[in-house]
Amino acid sequence: MKVKFLDLSAAYSELKTEIDDVVRKVLENGWYILGENVEQFEREFAEYCGSKYCVSVGSGLSALELILKAYQIGPGDEVIVPANTYIATVLAVSNVGATPVFVEPEEKTYNIDSSKIEEKVTKNTKAIIAVHLYGQTANVRKIKTICEKYNLRLIEDAAQAHGAEHFGKKAGSLGDSAAFSFYPGKNLGAFGDGGAVTTNDDSVAEYIRIARNYGSEKKYYNSVKGVNSRLDEIQAAILRVKLKYLDQWNAQRNKIAQYYIEHMNSNHKGDFILPQCSEGNKHVWHLFVIRTIKREKLIDYLNSHSIGWLIHYPIPPYLQVAYKEINHLSEQFPLTNRLSNEIVSLPMGPHLTQQEVEYVCCVMNNFIGEKV
Ligand SMILES: *Cc1c(COP(=O)(O)O)cnc(C)c1O
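Residues numbered from 1 in each chain as written. Predicted model: local features only at pLDDT ≥ 70, side-chain atom pairs only at ≥ 80, totals over all residues. Heavy atoms only, no water.

(A) Inspection of the sheet that holds strand E9 (residues 195-199) at higher detail. Strands sit in the order E1-E9-E8-E5-E4-E2-E3 across an open sheet of 7 strands; the sheet is mixed. At either end of the open sheet lies a strand with only one pairing partner, and these are strand E1 (53-57) and strand E3 (99-103). Adjacent strand axes in the sheet meet at a mean angle of 25° when their direction is disregarded. Contacting E1, strand E2 (78-82), strand E4 (125-131), strand E5 (153-157), strand E8 (177-181) and E9, helix H3 (residues 60-70) runs over the sheet at an angle of about 160° to E8. Contacting E1, E8 and E9, helix H6 (residues 202-211) crosses the sheet at an angle of about 25° to E1. (Pairing = 2+ DSSP bridges. Helix = DSSP H or I, 4+ residues; strand = E, 2+ residues; numbered from the N terminus. Axes fitted to C-alpha atoms, helices over the stretch in contact; angles between N-to-C directions. Contact = heavy atoms within 4.5 Å.)

(B) Fine view of H3. Counting buried positions along H3 gives 8 out of 11 residues, so the element sits mostly inside the fold. What H3 keeps buried is the set Gly-60, Ser-62, Ala-63, Leu-64, Glu-65, Leu-66, Ile-67 and Leu-68. Its side-chain oxygen at 3.5 Å from the backbone nitrogen of Leu-61, Ser-59 defines the N-terminal cap of H3. Phi turns positive one or two residues past the end of H3, at Gln-72, with a value near 55°. (Buried < 20%, exposed > 50% of the residue type's maximum accessible area, 1.4 Å probe, protein only. Polar contact = N/O pair within 3.5 Å; in protein donor to acceptor, adjacent residues only side chain to side chain.)

(C) Up close: the sheet that holds strand E13 (residues 281-282). The 3 strands are arranged E7-E6-E13 in an open sheet whose pairing can be described as antiparallel. Only two strands of the sheet have a single partner each, and these edge strands are strand E7 (169-170) and E13. Two strands pair when backbone bridges link them, and strand E6 (residues 165-166) and E7 are joined in this way by 2 bridges, in the antiparallel orientation. From the neighbouring strand, Glu-165 faces E7, where its bridge partner is Lys-170.

(D) How the structure looks around the site of the ligand. Looking at the ligand, the residues that line it are Ser-59, Gly-60, Leu-61, Tyr-86, Ala-88, Val-131, Asp-157, Ala-159, Gln-160, Ser-181, Lys-186 and Gly-194. Residue Gly-60 places a main-chain N or O atom 2.8 Å away from an oxygen atom belonging to the ligand. Within the side chain of Asp-157, one N or O atom sits 2.8 Å away from a nitrogen atom of the ligand. Protein contacts shield 91% of the accessible area of the ligand, which totals 390 Å² for the unbound molecule. Tallied by class, the residues present in the shell around the ligand amount to 5 nonpolar, 5 polar and 2 charged. (Near = heavy atom within 4 Å. Areas by Shrake-Rupley, 256 points an atom, 1.4 Å probe, with all protein chains shown as cover. Nonpolar A, V, L, I, M, F, W, Y, C, P; charged D, E, K, R; others polar.)

(E) Quick peek at the pairing of E8. In terms of burial, E8 is a largely internal element, 5 of the 5 residues being buried. By the alternation rule, side chains of E8 split into Ser-177, Ala-179 and Ser-181 and Ala-178 and Phe-180, which are all buried. Two strands pair when backbone bridges link them, and E5 and E8 are joined in this way by 3 bridges, in the parallel orientation. Across the sheet, Glu-156 pairs through a bridge with Ala-178, a residue of E8. Pairing analysis gives 5 bridges linking E8 to E9, with the strands arranged antiparallel. Looking at E9, one finds that Ala-178 is bridged to Thr-198.

(F) Representation of the pattern of salt bridges in the model. Taken as a whole, this structure holds 20 salt bridges when the rule is applied. Each member of the salt-bridge network shares a partner with another, and the members are Asp-21, Arg-24, Lys-25 and Glu-28. (Salt bridge = Lys/Arg side-chain N within 4 Å of Asp/Glu carboxyl O.)

(G) Fine view of the side chain of Thr-198. Within the fold, Thr-198 resides in strand E9. Thr-198 gets classed as buried once you look at its relative accessible area, which sits at 0%. Only 2.8 Å separates the side chain of Thr-198 from the backbone oxygen of Gly-172, close enough to count as a polar contact. Excluding its chain neighbours within four sequence positions, the residues that come into contact with Thr-198 are Phe-45, Cys-49, Ser-51, Tyr-53, Cys-54, Gly-172, Ser-177, Ala-178 and Phe-180.

(H) Up close: helix H5 (residues 140-150). Among the residues of H5, those classed as buried are Val-140, Ile-143, Ile-146 and Cys-147. With its buried residues spanning 120° around the axis, H5 presents them on a single face. What points out from H5, more than 90 degrees from its buried face, is the exposed set Arg-141, Glu-148 and Lys-149. Residues of H5 that are buried in the fold lie against E4, E5 and E6. One or two positions beyond H5, positive phi appears at Asn-151, with a value near 55°. (Arc of directions from axis to C-beta.)

(I) Representation of the packing of aromatic side chains in the model. On inspection of all chains with the given rule, the structure shows 16 aromatic pairs. Both rings, one in Phe-41 and one in Phe-45, keep their centres 5.5 Å apart while their planes meet at 15°; by these two values the pair is stacked. Here Phe-45 and Phe-41 lie together in helix H2 (residues 36-49), a separation of 4 residues that amounts to about one turn. The burial state of Phe-41 is the same as that of Phe-45; both residues are buried. Their ring planes at 75° and their centres at 6.1 Å tell us that Phe-102 and Phe-333 sit as a pair that is edge-to-face. Of this pair, Phe-102 sits in strand E3 while Phe-333 sits in the loop between helix H9 (295-304) and helix H10 (334-342); the two residues are 231 residues apart in sequence, bridging distant segments of the chain. Judged by relative accessible area, which is 3%, Phe-102 ranks as buried. You can call Phe-333 buried: its relative accessible area is 2%. An aromatic cluster is present here, built from Phe-41, Phe-45, Tyr-48, Phe-180 and Phe-182 joined pairwise through their rings. (Phe/Tyr/Trp six-rings, centres within 6.5 Å; stacked < 30°, edge-to-face > 60°.)

Pasting the structure below:
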């Protein structure tokens, strides 16, 4: 049996009639960027997240950058970010000219360790980006108290957490503003690039609504130095269809994750660590990330059994060549470094079949039984 890491075409197959229909309507309608579907989607996604506004943009990275710009964060300012995250979180900070300040993750969730944030706050700190990595929210309750104490903005990077909850509140409504990505592989994915900002803050929503479209509120009148970062009608129409299935698909991901957790012989001698969920969190399993010191052998074994896998991520942002000026900080982040050498993501998605899930468990257990 062959198990793909993620089968994006399966989502299209399930919704083919509905998607073909809305796409054709957009094509026939003749209006392709920022229109009716975009407006409707923004309303629907804001409501879904429990936030006052949703402003769609061209990508998740752009959403983060525009949030930082809305708060006038730039050169001389520091923004606290998790050391263990996707590069986009960090790029957003450096792209606006501010300085990313890294914090180690927690052992349990791999999200930012809130007990290590305060020691990194300086007089230049302006914001904390809480990344909800792999599908569960960061410890926002704790992070919020730090933000209040030092008067910092709390920005969510919710690119991997559409529908995730923290003590009953949805990602996207937990901080001052939040960035989402609709990259195809995300829990809510378009068939191209896309992103959004959710916020309750009138001035952030207004700034981004103008800035995303060349800084123009009225055509050919430019009130701010904006960018071109817009969602198109086709993607918005597709996202409106897929949003209706998000909860159902997240529930399916959760069912698969629970099956993996129940059936994999993990924690055997501590060599295999399965993902854990923190109190108060509803996990949406963007990724199912396990940790093992035998990663090389496991990967060979998965390859020889035709099971897809990926590593999220093999090189932490501050160790990338793009950040060579801070590569030397590496020794400050031993856990981040260890994780990048030990984590593996197993197949996860709403369209995995029960047979595929059982096969993955079986192969994993054979590996654990044989090699440990
Ligand atoms: C995908 C992702 C982004 C960036 O989203 P794009 O739409 O690809 O720009 C940002 N942060 C995290 C954590 C992500 O996973």
